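# A closer look at the structure
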Amino acid sequence: LPYEDQLRQELRTVKKQFLIENECLSEERLERFLKKALDASNYGVSILNNASANWNWDFTSSLFFASTVLSTTGYGHTAPLSDGGKAFCIIYSMIGIPFTLLFLTAVVQRIMVFSTRRPITYIHTHWGLSKQLVAIVHATLLGMLAISCFFLIPAAIFSALEENWNFLESFYFCFISLSTIGLGDYVPGEAANQKFRELYKVGITVMLVVLETFCELQQLKQLRKMFYLKKEKPQDRLAILEHDHLSFTTVSENKGAKSEDKTKTFLSVPTLASPNDDPMIQ
């Protein structure tokens with residue numbers, strides 16, 4: 001809130017100074033112009049001269065938009081402008097998102113065989129180590145590799161390619177994208193006169209697909225399940241389970257008592273004071 005208040009004060013000061021320097025322009029006309037410019041900016045269209053060369057609906061930008069829709073990231077920096085585009089986006093999302101999730105799940109299942117199950121089984125079998133220990137070490141190494149490949153290294157690359165981004169802002173963008181939150185306050189490749197913009201957009205599209213695949217890993221799903229609320233069993237089910245447990249306990253005790261009686265019957269031998277007391281000898 002303090003930063004927002006500071007920004008508001010700065011904008012009011014600039015607007016007031018602009019009106020003083022341009023007395024021929026009324027505040028009402030300036031308000032209409034600013035509203036028109038802000039509405040266009042919300043659709044990804046900028047009025048600035050240095051940003052007029054970038055188009056939001058060329059092939060690479062459209063490919064990037066399609067990837068944000070299918071991955072449910074949705075940065076919101078561009079949106080369909082026409083009614084036909086909005087209707088097509090609805091149909092495209094309804095069909096594309098389930099198929100994309102199905103495809104990613106199938107890919108993850110194949111990856112899990114080579115990245116998790118086979119290494120753990122191989123080390124456990126050939127090295128003779130505990131399977132639980134191997135799984136813990138493997139999960140730790142996999143987590144460090146994931147943090148490096150999907151957070152630290154991309155953040156360093158973005159901070160180098162984006163002139164206005166520092167490392168924290170780049171790391172923030174990677175986290176927002178990986179979690180599919182997609183706030184849209186930071187979008188790569190939207191700076192004016194971006195070098196190799198088409199190739200850059202394609203690379204970001206591939207990165208989003210990889211990030212979405214990483215989100216579908218079984219380890220992350222198990223981590224999310226830790227925060228789920230456990231369902232309470234219905235009272236009637238608990239009564240049935242309790243009755244079954246009591247019945248099983250009673251049957252077990254009866255079997256134990258019969259076994260003890262049989263043991264006493266077959267193992268009871270009279271103690272003889274001398275060999276002459278043996279009835280067979282007598």
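Residues numbered from 1 in each chain as written. Predicted model: local features only at pLDDT ≥ 70, side-chain atom pairs only at ≥ 80, totals over all residues. Heavy atoms only, no water.

On to a nonpolar patch on the surface, then. A cluster of nonpolar side chains, Ile-90, Ile-91, Met-94, Ile-95, Phe-99 and Leu-102, forms an exposed patch at the surface whose accessible area comes to about 690 Å². When you line up the elements, Ile-91 lands in helix α4 (residues 83-127). (Patch = residues over 30% accessible without salt bridge, like charges linked within 9 Å, V, L, I, M, F, W, Y side chains within 5 Å. Areas by Shrake-Rupley, 256 points an atom, 1.4 Å probe, with all protein chains shown as cover. Salt bridge = Lys/Arg side-chain N within 4 Å of Asp/Glu carboxyl O. Helix = DSSP H or I, 4+ residues; strand = E, 2+ residues; numbered from the N terminus.)

It is worth spelling out unusual backbone geometry at this point. Phi at Thr-72 takes a positive value of approximately 60°, unusual for a residue other than glycine. For Thr-72, a relative accessible area of 40% translates into the label partly exposed. Here the phi dihedral of Thr-180 falls at roughly 55°; this positive angle occurs in a residue that is not glycine. In this fold, Thr-180 is placed in the loop between α6 (167-178) and α7 (197-215). The partly exposed category is assigned to Thr-180, whose relative accessible area is 24%. (Buried < 20%, exposed > 50% of the residue type's maximum accessible area, 1.4 Å probe, protein only.)

The subject of this paragraph is α6. With twelve residues, α6 should cover 16 Å at 1.5 Å per step; its first-to-last C-alpha distance of 16 Å lies within 8% of that length. Along α6, the residues that are buried comprise Ser-170, Phe-173, Cys-174, Ile-176, Ser-177 and Leu-178. Phi for Thr-180, located one or two positions after α6, is positive at around 55°. (Expected span 1.5 Å × (residues − 1).)

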